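The primary structure of each chain is shown beneath.
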Amino acid sequence: MSGPRVPAVEGLFTDDDGVARLLGSRCATCGTPYFPASSLCHHPDCDDSATEDASFGPSGTVWSYSVQNYPPPAPAIYDEPYEPYALAVVDLDDGLRVVGRMEPGGSAPEVGGRVEVVVGPIRTDDDGTERTSWMFRTV
């Protein structure tokens, strides 16, 4: 029997409506997206600094990818024994470029291929609690 599912880091994503999205912000003046959320716009050509809450996803295009063949340093969490996984740089359709894991066991990513944001487990604690994060699934 599995335990509860909880985000590895609170406030970075949601899948409350069955569609996973990343939670960030966007400049109210120039439209620059930020993930995680930023309270100020850092774009050098923007004269304002007001940002608004924004969500990003659920679909995008793979810009590049690589395979993480060795365990990442702290504070990253993962199950033992470590299993390599693909990391993709994705241009989400609403303007955010973000790095994330590819879903384990899914199709290999392809540059230019379409993906969607999903939420999945990245580690299971000793008490059975699944720690979750955003990741990408090929579509």
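You'll find the structure just up there.
Let me begin by describing the structure that accompanies this report.

About the criteria used
Residues numbered from 1 in each chain as written. Predicted model: local features only at pLDDT ≥ 70, side-chain atom pairs only at ≥ 80, totals over all residues. Heavy atoms only, no water. Helix = DSSP H or I, 4+ residues; strand = E, 2+ residues; numbered from the N terminus. Buried < 20%, exposed > 50% of the residue type's maximum accessible area, 1.4 Å probe, protein only. Polar contact = N/O pair within 3.5 Å; in protein donor to acceptor, adjacent residues only side chain to side chain. Contact = heavy atoms within 4.5 Å. Phe/Tyr/Trp six-rings, centres within 6.5 Å; stacked < 30°, edge-to-face > 60°. Lys NZ or Arg CZ within 6 Å of the ring centre and 35° of its normal. Salt bridge = Lys/Arg side-chain N within 4 Å of Asp/Glu carboxyl O.

So, on to unusual backbone geometry. For the peptide bond that leads from Ala74 to Pro75, omega is 15°, which places it in the cis range. The omega torsion of the bond from Glu80 to Pro81 falls at -5°, within 30 degrees of zero and hence cis. Within the secondary structure, Pro81 sits in the loop between β6 (59-68) and β7 (85-92).

Now for the environment of Arg26. Positionally, Arg26 belongs in strand β3 (residues 21-27). Owing to a relative accessible area of 24%, Arg26 belongs among the partly exposed residues under this scheme. In terms of polar contacts, Arg26 uses its side chain to reach the backbone carbonyl oxygen of Asp94, at 2.7 Å.

A separate point is the side chain of Ser25. Following the sequence through the fold, Ser25 ends up in strand β3. Here Ser38 takes part through its backbone nitrogen, which lies 2.9 Å from a polar atom of the side chain of Ser25. Not counting residues up to four positions away in its chain, the partners in contact with Ser25 are Thr32, Pro33, Tyr34, Ala37, Ser38, Thr51, Glu52, Asp53, Ala54 and Phe56.

On to the packing of aromatic side chains. Scanning the model with the defined rule gives three aromatic pairs in all. Centroid distance Tyr78 to Tyr82: 5.3 Å. Interplanar angle 85°. Geometry classified as edge-to-face. Clustering of aromatic rings is evident, with ring pairs tying together Tyr78, Tyr82 and Tyr85. Sitting over the face of the ring of Trp63, Arg97 holds its NZ or CZ atom 4.1 Å from the ring centroid. Geometry around Tyr85 places Arg101 over its ring, the cationic atom sitting 3.9 Å from the centre.

Quick look at the pattern of salt bridges now. Evaluation of the coordinates by the stated rule reveals seven salt bridges. Across the pair Arg97 and Asp91 runs a salt bridge whose closest N-O atoms are separated by 2.6 Å. Measuring nitrogen to oxygen at the nearest pair gives 3.2 Å for the salt bridge that ties Asp125 to Arg123. Through salt bridges that share partners, Glu103, Glu116 and Arg137 make up one connected network.

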